[in-house]
Amino acid sequence: MYIVVDERSSVATETVAGFGAQGVTARSLAADTFQAWLDTTPADDLDAVQGFVLGESAGRTRYTVAIRSLSHAPIIALNETRSLEQTLDLFTAGIDDVVRRPVHVREILARAEAIRRRMGRGEVRVPAQDKAGRLKVYADGRDPEIDGENLTLPRRERHILEYFARNRGRQLSRVQIFNAVYADHGSDVEESVVEGHISKLRKKLRLRLGYDPIEAKRLAGYTFVG
């Protein structure tokens, strides 16, 4: 999930729609409520954030400092004009990258992945592979591959697999997975729907791989072992 913050609602809506067109979950937050969201969001929910996209906002540098104190996710700023002084100020504040609008969301995704690789923040590499090198999981909207052939998955199942790959070896609860996949926490979707998605995903992986790379422990959660 990506978080988009911009005081211009039209720009935020456009950016979120761009992520959606690439099959990537994103959520927009108003600039004047973003700090409160950071202060009240549980750590597990913040762990599900793959990146922050900060557009125009008077408190952008302040938000950057607050984000970095809570999350290692890439922070990318969107600028409307070329300004060396402004760009340097953003980098000094802790922004990882600065891009000029208009920009395609695919470039934002690519830059975020480059930041994760460069900083070694434990995020999924492109591609992430299982131990045998048969399963490759991408994080840029592409379907995973098994033995060099695409495994076409519905968007939610693909997002779940990507989240598992980013957290390989870590036990994940149903709530954590739900928060990672459904950006709109105010939706009417029940958390139990995640179990159905995971069940279908595991069945497809077993069919193609001959084994299940996802371990499940009752009442504890799931672990991607690869």
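Our structure is the block above this text.
Residues numbered from 1 in each chain as written. Predicted model: local features only at pLDDT ≥ 70, side-chain atom pairs only at ≥ 80, totals over all residues. Heavy atoms only, no water.

Draft legend 1. Quick peek at unusual backbone geometry. Omega for the bond connecting arginine 101 with proline 102 falls within 30 degrees of zero, at 0°, which places this linkage in the cis form. In this structure, proline 102 sits in the loop between strand 5 (97-100) and helix 6 (105-119). Backbone geometry at aspartate 147 places phi at a positive 55°, although glycine is not the residue there. Inspection of the secondary structure assignment puts aspartate 147 in the loop between strand 8 (145-146) and strand 9 (149-150). (Helix = DSSP H or I, 4+ residues; strand = E, 2+ residues; numbered from the N terminus.)

Draft legend 2. Structural context of the pattern of salt bridges. For the structure shown, the criterion picks out 15 salt bridges. Its salt-bridge partner being glutamate 195, residue arginine 174 comes within 3.2 Å of it at the nearest N-O pair. Of the two residues, arginine 174 sits in helix 8 (residues 174-181) while glutamate 195 sits in helix 9 (residues 193-209), which places them 21 residues apart along the sequence. On the basis of relative accessibility, which here comes to 38%, the residue glutamate 195 falls in the partly exposed class. Taken together, the shared-partner salt bridges connect Asp6, Arg8, Glu14, Glu80 and Arg101 into one network. (Salt bridge = Lys/Arg side-chain N within 4 Å of Asp/Glu carboxyl O. Buried < 20%, exposed > 50% of the residue type's maximum accessible area, 1.4 Å probe, protein only.)

Draft legend 3. Spatial organisation of the pairing of strand 11 (residues 214-217). As defined by bridge partners, strand 11 adjoins strand 12 (residues 221-224) across four bridges and the pair is classed as antiparallel. When the bridges of strand 12 are listed, glutamate 215 appears paired with threonine 223. Connecting strand 11 to the next strand, strand 12, in antiparallel fashion are three residues, including leucine 219 with a positive phi near 70°. (Pairing = 2+ DSSP bridges.)

Draft legend 4. Up close: helix 2 (residues 31-40). When helix 2 is considered as a whole, its buried residues turn out to be Ala31, Phe34, Trp37 and Leu38. All buried residues of helix 2 fall inside an arc of 95° around its axis, so they share one side. The exposed set on the far side of helix 2, more than 90 degrees from its buried face, consists of Asp32, Asp39 and Thr40. Buried residues along helix 2 sit against strand 1 (2-5), strand 2 (26-29), helix 3 (43-47), strand 3 (51-54) and helix 4 (60-68). (Arc of directions from axis to C-beta. Contact = heavy atoms within 4.5 Å.)

Draft legend 5. Quick peek at the nonpolar core. By size, the foremost hydrophobic cluster in this structure holds 25 residues, and its most contacted members are Phe164, Ile177 and Leu205. Apart from the residues lying within four places of it in its own chain, the contact partners of leucine 205 are Leu135, Ile146, Leu151, Leu161, Gly210, Tyr211, Pro213 and Ile214. Met1, Leu38, Ala73 and Ile95 belong to the second-largest nonpolar core, a separate cluster that totals 21 residues. (Core = buried A, V, L, I, M, F, W, Y, C linked by side-chain atoms within 4.5 Å.)

Draft legend 6. The arrangement of the packing of aromatic side chains in detail. Tallied over the entire structure, the rule returns five aromatic pairs. The interplanar angle of 80° and the centroid separation of 5.3 Å between the aromatic rings of phenylalanine 34 and tyrosine 63 together place this pair among those described as edge-to-face. Placement of the pair is phenylalanine 34 in helix 2 and tyrosine 63 in helix 4, with a sequence separation of 29 residues. The pair phenylalanine 34 / tyrosine 63 is uniform in exposure class, with both members buried. With centroids separated by 6.4 Å and ring planes inclined at 65°, the aromatic side chains of phenylalanine 164 and tyrosine 222 adopt a geometry described as edge-to-face. Placement of phenylalanine 164 in helix 7 (residues 155-166) and of tyrosine 222 in strand 12 is noted, with a sequence separation of 58 residues between them. The pair formed by phenylalanine 164 and tyrosine 222 is uniform in burial state, with each residue classed as buried. Ring pairs connect the aromatic residues Phe34, Trp37, Phe52 and Tyr63, which therefore count as one cluster. (Phe/Tyr/Trp six-rings, centres within 6.5 Å; stacked < 30°, edge-to-face > 60°.)

Draft legend 7. Structural view of the sheet that holds strand 1. The sheet built from five strands is open, its strands ordered 2-1-3-4-5 with parallel pairing. Across the chains shown, the open sheet's two edge strands, defined by having one partner strand only, are strand 2 and strand 5. Averaged over all pairs of adjacent strands, the angle between strand axes in this sheet comes to 25°, irrespective of strand direction. Relative to strand 2, strand 1 is paired through four bridges, and the arrangement is parallel. Residue pairing for strand 2: isoleucine 3 is matched across the bridge by arginine 27. In the packing of helix 4 onto the sheet, the strands contacted are strand 3 and strand 4 (75-79), and the crossing angle to strand 4 comes to about 170°. (Axes fitted to C-alpha atoms, helices over the stretch in contact; angles between N-to-C directions.)

Just geometry here; none of it tells us what the structure is for.
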